[in-house]
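# Coordinate inspection notes
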Amino acid sequence: MNFTDRPATVDFTTVDPRYYSYLPIPLPPIILYLCLVLCFIGFFVGSAGNVFVILAIVRTKKLRTSANIFLASLAVADFGTCVLVLPILAVAFISLEAVITNQLLCRLFYHTTFTFSPVSIQHLILIAANRYTLINTSPRTYVRLFNRRSIPVIIFCVWTSNVTLNLLVAVFSFGTRRFFGKDYCFIDSSNFLGTIYWMFTLLYTFLSCFVIIPAFYVLTFRTIHKSRVRVTQEHTMSDLPTLGTGMGKPSDQPASQPRKARFSSSEVKLTKVNFFIFLTSMVFISPLFFLLVISGGQLTHGLFVMILLPIGINSTVNPMVYCGFNRNFRHAFKKLLRLKAGF
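Procedures and definitions
- Going along each chain's sequence as written, the residues are numbered from 1 onward.
- In keeping with the predicted nature of the model, local features appear solely for residues at pLDDT of at least 70, side-chain atom pairs appear and are counted solely at 80 or more, and the whole-chain, interface and lining totals rest on all residues.
- By convention in this description, side-chain values take in all heavy atoms of the structure and omit both hydrogens and water.
- Each helix corresponds to a stretch of at least 4 residues labelled H or I by DSSP, and each strand to a stretch of at least 2 residues labelled E; elements are numbered beginning at the N terminus.
- Remark: exposure states derive from per-residue accessible area (1.4 Å probe, protein chains only) relative to the maximum for the residue type, with buried under 20%, exposed over 50%, and partly exposed in between.
- Areas reported as accessible are Shrake-Rupley estimates using a 1.4 Å probe. Residue values count occlusion only from the protein chains shown.
- Put simply, a nonpolar core is a bunch of buried Ala, Val, Leu, Ile, Met, Phe, Trp, Tyr and Cys residues held in one set by side-chain atoms that sit within 4.5 Å of each other.
- Contacts between residues were defined by any pair of non-hydrogen atoms, one from each residue, lying within 4.5 Å.
- Cavities and pockets were defined on a 1 Å grid built from protein atoms only: a cavity is a group of points that admits a 1.4 Å probe but offers it no way out, a pocket is an open group of points flanked by protein on both sides within 12 Å along at least five of seven lines, and a lining residue is one with an atom within 4 Å of any such point.
- Grid points are joined across faces, edges and corners, and a volume is the space filled by probe spheres set on the points.
- Residues are grouped as follows: Ala, Val, Leu, Ile, Met, Phe, Trp, Tyr, Cys and Pro are nonpolar; Asp, Glu, Lys and Arg are charged; all remaining types, including Gly, are polar.
- Between rings of Phe, Tyr and Trp, where Trp is taken as its six-membered ring, a pair exists when centres lie within 6.5 Å; planes separated by under 30 degrees are stacked, by over 60 edge-to-face, and by other angles tilted.
- For this analysis, a polar contact is any N or O atom pair within 3.5 Å, provided that within protein one partner can donate a hydrogen and the other can accept it, and provided that sequence-adjacent residues contribute only side-chain to side-chain pairs.
- Here the term patch refers to residues with relative accessible area over 30% and no salt bridge, with like charges joined within 9 Å and nonpolar side chains (Val, Leu, Ile, Met, Phe, Trp, Tyr) within 5 Å.
- When a carboxyl oxygen of Asp or Glu is within 4 Å of a side-chain nitrogen of Lys or Arg, the pair counts as a salt bridge.
- Just so you know, the count uses Lys and Arg for positive and Asp and Glu for negative, and it drops His and the chain ends.
- The atom standing in for a charge is NZ when the residue is Lys, CZ when it is Arg, CG when it is Asp and CD when it is Glu.
- The predictor's confidence in any single residue is recorded as pLDDT, a number from 0 to 100.

What follows concerns the overall build of the protein chain. The number of helices and strands found in the protein chain is 10 helices and 2 strands. Ordered by position from the N terminus, the helices and strands of the protein chain form the series α-α-α-α-α-α-β-β-α-α-α-α. Considering the protein chain as a whole, with its 343 residues, one finds that 44% of them fall into the buried category. Working note: accessible area of the protein chain is about 18600 Å², and carbon and sulfur atoms make up 68% of it.

This is the structure:
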């Protein structure tokens, strides 16, 4: 992590202050080794886990629901994070200079990071909207919004828009600064595209994570609670003796049967699991958002590398959440493991 190519005698009072944004954060050896181990675990365990999620949804009929199709697409983004971002992140922990002085590697690092993270957030929005529509609207409305034709189109638009936008940023908003005979890459937030990109990213992330998704789940769980209260009250009333012609004498008319909730307990449980996935994602993504806000999008490269590690861990943890809280996913994972063991 040392800048060995730097001249031995340098008057740092004359060095461009922007140079210090490229310096790594000094880490004790034990912390550095721990970060590298987490990167390697994420690469192997996270990539395998997300492949299992995709295969489980494709091969298991019970898991081929509209909400799980969004989970499969989210698993693709998590897989990309584990396979592309985490290896470069491990190299950055060993030598940050090796990444930020290699123009191709630097662009790939930032392009993949700022593609997969927004895609993940947008899928969390779609999952929350899916749960809200299922619980709060009629079945006809739900089928009209989330069907076999609309879901692939929605997913295609999410991926295409994010890849295109970040590709434009990677091509037109990247620049270089020369220090000690080497070109260091950076995202130029001073030009029009860079400014719009950072403003949109910060506003969109804030509204998505702290307004839109929580509002969807609050309204969804409120409807679930009201439905349970109503069903409980109707069951209670159905157990009471009905009043006929005399006090305490049952009426000749049969008591009305209590209504059932219009959504099953499995759908409610799946909604809770999806909400837990959102909470875990916010725990890992929030540090990046708050630091971007505080710094106005001007993070040092060393700090950016440090706060990307939780995002990589989140991509590794998600398959464990699916398996731990959903019985159908557990059964599907076991079948896939037995199938692989058979070969």
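Next comes the rest of the write-up.
Counting 75 residues, the largest nonpolar core has Leu71, Leu89, Phe93, Phe109 and Phe329 as its most contacted members. Of all the elements, helix 2 (residues 66-94) adds the most residues to this core, at 14 residues. Ignoring sequence-local partners within four residues, the contact set of leucine 89 consists of Cys39, Phe109, Val305, Leu308 and Leu309.

Inspection of every chain in the model, using the stated rule, returns 6 cavities of 30 Å³ or more. The space that makes up the largest cavity amounts to roughly 230 Å³. Taken together, 19 residues form the lining of the largest cavity, with Phe114, Pro118, Ile121, Thr201 and Thr205 sitting closest to its centre. Those elements that place two or more of their residues in the lining of the largest cavity are helix 4 (103-136), helix 6 (150-172), helix 7 (192-239) and helix 8 (265-295). If one sorts the elements of the lining of the largest cavity by residue count, helix 7 sits on top with 6 residues. Of the residues belonging to the lining of the largest cavity, the class tally is 13 nonpolar, 6 polar and no charged.

Throughout the structure, instances matching the rule amount to 17 aromatic pairs. Here the aromatic rings of phenylalanine 43 and phenylalanine 44 are separated by 4.9 Å at their centres, their planes lie at 85 degrees, and the arrangement is edge-to-face. Residue class for phenylalanine 44 comes out exposed when judged on its relative accessible area of 53%. With a centroid separation of 5.5 Å and an interplanar angle of 80 degrees, the aromatic rings of phenylalanine 221 and phenylalanine 275 are classed as edge-to-face. Within this pair, whereas phenylalanine 221 is found in helix 7, its partner phenylalanine 275 is found in helix 8, the two being separated by 54 residues in sequence. Here the aromatic cluster, defined as three or more aromatic residues joined through ring pairs, consists of Phe52, Tyr322, Phe329 and Phe333.

This paragraph deals with the side chain of serine 150. Among the structural elements, serine 150 can be located in helix 6. Among the polar contacts listed, one links the side chain of serine 150 to the backbone oxygen of leucine 145, at a separation of 2.8 Å.

Moving on, we come to a positive patch on the surface. Taken together, the side chains of Lys62, Lys269, Arg327, Arg330, Lys334, Lys335 and Arg338 present a region of like positive charge at the surface. Here the positive patch takes 5 residues from helix 10 (residues 327-342), the largest share from any one element. One can find lysine 335 in helix 10. When its relative accessible area of 54% is taken as the criterion, lysine 335 is described as exposed.

Taken together, Leu203, Phe206, Leu207, Phe210, Val211, Ile212, Phe290 and Ile294 make up a surface patch of nonpolar side chains, about 720 Å² in accessible area. Contributions of two or more residues to the nonpolar patch are made by helix 7 and helix 8. Along the polypeptide, isoleucine 294 turns up in helix 8. You can call isoleucine 294 exposed: its relative accessible area is 70%.

What follows is about the confidence of the model for the protein chain. In this model, the protein chain carries an average pLDDT of 79, and 76% of its residues clear a pLDDT of 70 or more. By mean pLDDT, the top-scoring element of the protein chain is helix 1 (residues 29-59) (93), and the lowest-scoring one is strand 1 (residues 174-179) (70). Considering only residues more than four positions removed or in separate chains, one finds that residues 1-13, a stretch of pLDDT under 50, has 21 contacts. Here residues 253-260 is a poorly scored stretch, pLDDT under 50, and it has 9 contacts once near neighbours within four places are set aside; other chains count.

So, about the environment of glycine 302. Relative to the assigned elements, glycine 302 resides in helix 9 (residues 301-325). Of the residues examined, glycine 302 reaches a relative accessible area of 4% and is grouped as buried. Between the C-alpha atom of glycine 302 and that of proline 24, which follows or precedes it by 278 residues, the distance is 4.2 Å.

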